[in-house]
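Structural overview for review
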Amino acid sequence: MAHARRPPLELIGRRWLSGAQVWADRGRWRRYAFEFLMFGIKQGWACLFGGLLLALIVATFLWWPEGAGVARYDALVVGAVAIQAGMLIFKLESWEEARVILLFHIAGTIMELFKTAQGSWVYPEASVLRIGDVPLFSGFMYAAVGSYIARVQRIFHIRVRDYPPLWMTGVLAAAIYVNFFSHHWLPDVRLALFVAVALMFGRGWFYFTPDRRRRSMPLLLGYGLVALFIWIAENVATFGRAWTYPGQEAGWQMVSLDKLGSWFLLMIISVVLVSLVHRPEAEAR
């Protein structure tokens, strides 16, 4: 992305970064520590949408007044819309990215309607802004994943090597999405999908810049780490009673590690959808 097109807040951050790098260059361990710090800061900046939404979920769970005239879930819908509007107003997301994130929202809401009907999880609180048993804020949780995938590629200047052809990733993503529904009646082919993901992405690497030096990581490891952090966020969200799984009705319990596999497969769908806007670019040899 050209320098002139960077969001204003990102330009401010980059000016601060230039001064901090001068301090870091005064010693070897300072450079390593500063690079690790920048990795964390950039990751936090990339997941701004999800972080704000998660903070809103926890804050309303802890401090929402009993007997308030507005349902908590409805307030979450308004808050999520405000976050999305702010991301666009302050140019933290482009309109192209927002259109892809809308696809996440729609695909996620369809899945929510189906899964709640099957009893996979429930939304225990009443609200007005909902479709059936699904409050409208739920789609924004999927949109937050899409926002992260889109922003992290730009913020870390991500490039790839040995990335599979886009048509193949599209077929795989479609198969994963269908299996989320079909396994309720047909055999669950999740293991076959994991094998397909490993075969398709196993040779791939992505390259990124935490500070100034290019670093690399296998694609599968990167996807797995993101899935892990989404699982951690899911535990925080269920603690905040955004939704509950069977077994959490009487009180919060840690979400099963089995969900890590689901989030990993969702990551593949997310990456493929974002590739509609941010086509994978090859790292120079």
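Small disclaimer: the values here were computed from a predicted structure and weren't measured.

Concerning empty space enclosed by the protein
Counted under the stated rule, the structure contains one cavity of 30 Å³ or more. In this structure, the largest cavity occupies an estimated 80 Å³ of space. Contributing to the lining of the largest cavity are Phe104, Ala107, Gly108, Met111, Tyr142, Val145, Tyr177, Leu266, Ile269, Ser270 and Leu273. Class assignment of the residues belonging to the lining of the largest cavity gives a composition of nine nonpolar, two polar and no charged.

Side note on the nonpolar core
Within the largest apolar cluster, 67 residues are counted, with the highest numbers of intra-cluster contacts made by Ile176, Phe201 and Tyr223. No other element matches the eleven residues that helix 10 (residues 259–274) contributes to this core. Among the nonpolar cores identified, the runner-up in size contains five residues, and Leu17, Ala20, Phe34 and Met38 belong to it.

What to know about the environment of Phe61
Relative to the elements of secondary structure, Phe61 occurs in helix 3 (residues 48–63). Measuring from C-alpha to C-alpha, the distance between Phe61 and Arg241 comes to 7.0 Å, with 180 residues separating the pair along the chain.

Section: the pattern of salt bridges
Following the criterion strictly, the structure yields eight salt bridges and no others. Between Glu97 and Arg154 there is a salt bridge, with its nearest N and O atoms 3.7 Å apart. A residue pair is termed long-range when its members are at least 10 positions apart, and Glu97 in helix 5 (residues 95–117) and Arg154 in helix 6 (residues 138–155) qualify at 57 residues. Judged by its relative accessible area of 10%, Arg154 falls in the buried class. A salt bridge links Glu283 to Arg214; its shortest N-O distance comes to 2.7 Å. Of the two residues, Glu283 sits in the segment after helix 10 while Arg214 sits in the loop between strand 4 (205–208) and strand 5 (215–218), which places them 69 residues apart along the sequence.

What to know about the packing of helix 7 (residues 166–182) against helix 8 (residues 190–201)
Axis separation between helix 7 and helix 8 bottoms out at 11 Å; the angle between their running directions is 160°. With respect to helix 8, the element helix 7 is oriented roughly antiparallel. For helix 7 against helix 8, the interelement crossing comes out left-handed. Where helix 7 abuts helix 8, its residues Met168, Thr169, Leu172, Ala175, Ile176 and Asn179 lie against Arg190, Leu193, Ala196, Val197, Met200 and Phe201. When the residues that make up the contact of helix 7 with helix 8 are grouped by side-chain class, the tally is nine nonpolar, two polar and one charged.

Examining the packing of aromatic side chains
If you walk through the whole model with that rule in mind, you get 17 aromatic pairs. Relative to Trp252, the ring of Phe239 has its centre 6.3 Å away and its plane inclined at 85°; by these criteria the two rings are edge-to-face. Note that Phe239 is positioned in helix 9 (residues 219–239) and Trp252 in the loop between helix 9 and helix 10, a separation of 13 residues in sequence. Overall, the relative accessible area of 40% leaves Phe239 in the partly exposed class. Ring plane angle 85° and centroid distance 6.4 Å describe the contact between Trp243 and Tyr245, whose orientation is recorded as edge-to-face. Tyr245 shares its class with Trp243; the two are buried. Here the aromatic residues Phe39, Phe156, Phe206 and Phe208 are joined through ring pairs into a cluster of three or more. Its guanidinium or amino end placed over the ring of Phe156, Lys42 lies 5.7 Å from that ring's centre, counting from NZ or CZ. Sitting above the plane of the Trp45 ring, Arg151 keeps its charged end 5.3 Å from the centroid.

A closer look at the packing of helix 5 against helix 7
Direction vectors running N to C along helix 5 and helix 7 enclose 20°, while the axes themselves pass 10 Å from each other. Judged on the interaxial angle alone, helix 7 and helix 5 are roughly parallel. For the crossing formed where helix 5 meets helix 7, the hand is left-handed. On helix 7, the residues touching Ala107, Ile110, Met111, Phe114 and Lys115 of helix 5 are Tyr177, Phe180 and Phe181. Each residue belonging to the contact of helix 5 with helix 7 can be placed in one class, and the counts come to seven nonpolar, no polar and one charged.

Side note on helix 8
Taking 1.5 Å per residue, twelve residues should reach 16 Å; helix 8 reaches 16 Å between its end C-alpha atoms and fits that length. For helix 8, every residue scored as buried is listed here: Arg190, Leu193, Val197, Met200 and Phe201. Projection of helix 8 onto a plane perpendicular to its axis shows the buried side chains occupying an angular sector of 85°, all on one side. When the buried face of helix 8 is taken as reference, the exposed residues oriented beyond 90 degrees from it are Leu191 and Leu199. For helix 8, the elements touching its buried residues are helix 7, helix 9 and helix 10.

Calculation notes
Residues numbered from 1 in each chain as written. Predicted model: local features only at pLDDT ≥ 70, side-chain atom pairs only at ≥ 80, totals over all residues. Heavy atoms only, no water. 1 Å grid on protein atoms, 1.4 Å probe; cavity = no way out; pocket = protein on both sides within 12 Å on 5 of 7 lines; lining within 4 Å. Points joined across faces, edges and corners; volume = space filled by probe spheres on them. Nonpolar A, V, L, I, M, F, W, Y, C, P; charged D, E, K, R; others polar. Core = buried A, V, L, I, M, F, W, Y, C linked by side-chain atoms within 4.5 Å. Buried < 20%, exposed > 50% of the residue type's maximum accessible area, 1.4 Å probe, protein only. Helix = DSSP H or I, 4+ residues; strand = E, 2+ residues; numbered from the N terminus. Salt bridge = Lys/Arg side-chain N within 4 Å of Asp/Glu carboxyl O. Axes fitted to C-alpha atoms, helices over the stretch in contact; angles between N-to-C directions. Parallel < 35°, antiparallel > 145°, perpendicular 65-115°, else oblique. Left-handed = near helix turned anticlockwise from the far one by under 90°. Contact = heavy atoms within 4.5 Å. Phe/Tyr/Trp six-rings, centres within 6.5 Å; stacked < 30°, edge-to-face > 60°. Lys NZ or Arg CZ within 6 Å of the ring centre and 35° of its normal. Expected span 1.5 Å × (residues − 1). Arc of directions from axis to C-beta.

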